[in-house]
Amino acid sequence: MAIRTYKNFIDGKWVASSSGKTFDNINPANKKEILGRFQKSNANDLNNAVKSAVKAQECWRNLPAPKRGEILFRVGELLIKHKESLAQDMTREMGKVLNETRGDVQEAIDLTYYTAGEGRRLQGETVPSELNNKFCMTVRMPVGVVAAITPWNFPIAIPSWKLIPALICGNTVVFKPASDTPLSAYRFVKLFEEAGLPPGVLNFITGTGTEIGEPLVEHHNINLVSFTGSTDTGAKVAHKCAWNMKQYSLEMGGKNAIIVMDDANLDLAVEGVIWGAFGTTGQRCTACSRVIVHKKVLKKFTNLLLKRTKALRLGDGLKNTTDVGPLINEAQRQKVLGYCKVGVGEGAKLLLGGNVFKNGKCRNGFFFEPTLFAGVSPKMRIAQEEIFGPVLSILECKSLENAVEIVNDSRFGLSSAIYTQDVNRAFKAIEKLDTGLTYINSSTIGAEVQLPFGGTKGTGNGHREAGTTALEIFTEWKSVFVDYSGTLQKAQIED
Ligand code: NAD
């Protein structure tokens, strides 16, 4: 079958890059399958996309927010209508199992319905004035033109976390998805077109981080960069934005941990750890990559975990017999392999896995064995650095205080969890764990769109996506003072 070529979306039209070049989008479960060709965009395309977003700004911000919401509700309806085929395409290009790609689309549906409703809220405040005959209030203003730069592990959900709030708040957008998952991004953008979004309000360009991402961040007409990706790239984005006096919101890496106390329901904890560590093949920002187990239950828990991990079935995510899909690409597989060698070199005990997986039908994909390390100490690199693969380190703790200390000894602060039956311990953990998300008797995974999402330390820069906190990213506050006294009243000076 002929391989389809997909185009950029600029000013409401589907256009080829002036570079004349494309790149291939491949299936990580079978690298011989090319899913499509996408534009290898250049500076000229980028300029056109930004120009189009600038041109559309005035009209879009003047459209009443409830009307903007109506268009976005239609996007939600279309997501529902196409959920299954979007999920199938996503599994083909990203690798995670169908149930998870359905969940990815569902998250975008939830986020869209929740946030489109902001069209009828976008609330400000009224506050008393210190003077008579004067009225004070705050209103939200759009920031302007937003650059949305996204990773490949949530190909529709993460873009939805940026595009929907940006648009409801009256911003226009240039969207650059990760080069490993442009098909899901393309299909998502098509839904905005079908929903009747005016030309130029959302622009979509594909290309590499260096060729398109960097110049997009630097472009003088971009007012806000909303970035999700690795902490190293995020730091570069932050430098450039600071230098150019732009606003920026960063969601970055994690080194998430689950604490298993001696009073925990161990079967439940094992299920949570398996889901956290090996769901999405460990390629989630909230993936559990450290499990910190009380020494009294360490042996029993490790045996249960080992048995359960051995039973995981690798394969194509489209098959309902598959538990764990491939990694995203060969570079990521080599990185994960490299960390397994580091772990062995550091003296951790390799209990299971540790190698690439090439058996049978998996031979043409980027599969990696689910891996367990025991005897890991908190300062080892495998306990400190983000691996982003199916590799779990087991660490021992002596007490809750000791466990909290280990969890917090990290440059990241995204998600944490604790399994315990003791409500006092649970609340102590909520108080002491330095992460943006904490789960009690549940895995490190499981965010819901109506709550803020993000992390502390190297995971973020203080912003939170989703919930109502997303509005803080995508709007500017304006304080308004209405003086109806008919005289010149002076604040701080009048009696
Ligand atoms: P990445 O940093 O390599 O790339 C992210 C995006 O940035 C891609 O679109 C890429 O093309 C672009 N990019 C690359 N270099 C750039 C540059 N110099 N300037 C501007 N843009 C550039 O990350 P990835 O490998 O796609 O994703 C995995 C990472 O994302 C992991 O670290 C993971 O923890 C993180 N992540 C975080 C969250 C969160 O919400 N905290 C969610 C998902 C993934």
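Everything here concerns the structure above.
Source: prediction; values computed, not measured.

(A) Spotlight on a nonpolar patch on the surface. A surface patch of nonpolar side chains, amounting to about 370 Å² of accessible area, comprises Val-423, Phe-427, Ile-430 and Ile-440. The element best represented in the nonpolar patch is helix H14 (residues 423-432), accounting for 3 residues. Within the secondary structure, Val-423 sits in helix H14.

(B) Looking closely at the site of the ligand. Among the 26 residues in the neighbourhood of the ligand, the closest are listed as Thr-150, Ser-230, Thr-233, Met-252 and Glu-386. In the model, an oxygen atom of the ligand is placed 2.8 Å from a nitrogen or oxygen of the Thr-150 main chain. The separation between an oxygen atom of the ligand and a polar side-chain atom of Lys-176 is 2.9 Å. Against a free-state accessible area of 850 Å², the protein chains account for coverage of 87% of the ligand. Those elements that place two or more of their residues in the shell around the ligand are helix H7 (209-218) and strand S10 (224-228). Counting residues per element, the shell around the ligand draws most heavily on H7, at 4 residues. Residue composition of the shell around the ligand, by class: 13 nonpolar, 9 polar and 4 charged. Summarising the domain contributions, the shell around the ligand has at least three residues from each of domain 1 (8-252 + 460-479) and domain 2 (256-440).

(C) Seen up close, the pattern of salt bridges. Tallying each qualifying case throughout the model produces 26 salt bridges. The partner of Lys-55 in a salt bridge is Asp-11, with the nearest N and O atoms 3.0 Å apart. In this pair, Lys-55 sits in helix H1 (residues 43-62) while Asp-11 sits in the loop between strand S1 (8-10) and strand S2 (13-15), placing the two residues 44 residues apart along the sequence. Residue Asp-11 is classed as buried on the basis of its relative accessible area, which comes to 18%. Of the charged contacts in the structure, one is a salt bridge between Arg-140 and Glu-472, with a shortest N-O distance of 3.0 Å. Taken together, the residues Arg-140 in strand S6 (residues 134-142) and Glu-472 in helix H15 (residues 470-474) connect sequence positions 332 residues apart. Given a relative accessible area of 39%, Glu-472 falls into the partly exposed group. What you see here is one network of salt bridges that share partners, running through Asp-262, Asp-263, Lys-296 and Arg-425.

Parameters at a glance
Residues numbered from 1 in each chain as written. Predicted model: local features only at pLDDT ≥ 70, side-chain atom pairs only at ≥ 80, totals over all residues. Heavy atoms only, no water. Patch = residues over 30% accessible without salt bridge, like charges linked within 9 Å, V, L, I, M, F, W, Y side chains within 5 Å. Areas by Shrake-Rupley, 256 points an atom, 1.4 Å probe, with all protein chains shown as cover. Salt bridge = Lys/Arg side-chain N within 4 Å of Asp/Glu carboxyl O. Helix = DSSP H or I, 4+ residues; strand = E, 2+ residues; numbered from the N terminus. Near = heavy atom within 4 Å. Polar contact = N/O pair within 3.5 Å; in protein donor to acceptor, adjacent residues only side chain to side chain. Nonpolar A, V, L, I, M, F, W, Y, C, P; charged D, E, K, R; others polar. Domains from an automatic or database assignment. Buried < 20%, exposed > 50% of the residue type's maximum accessible area, 1.4 Å probe, protein only.

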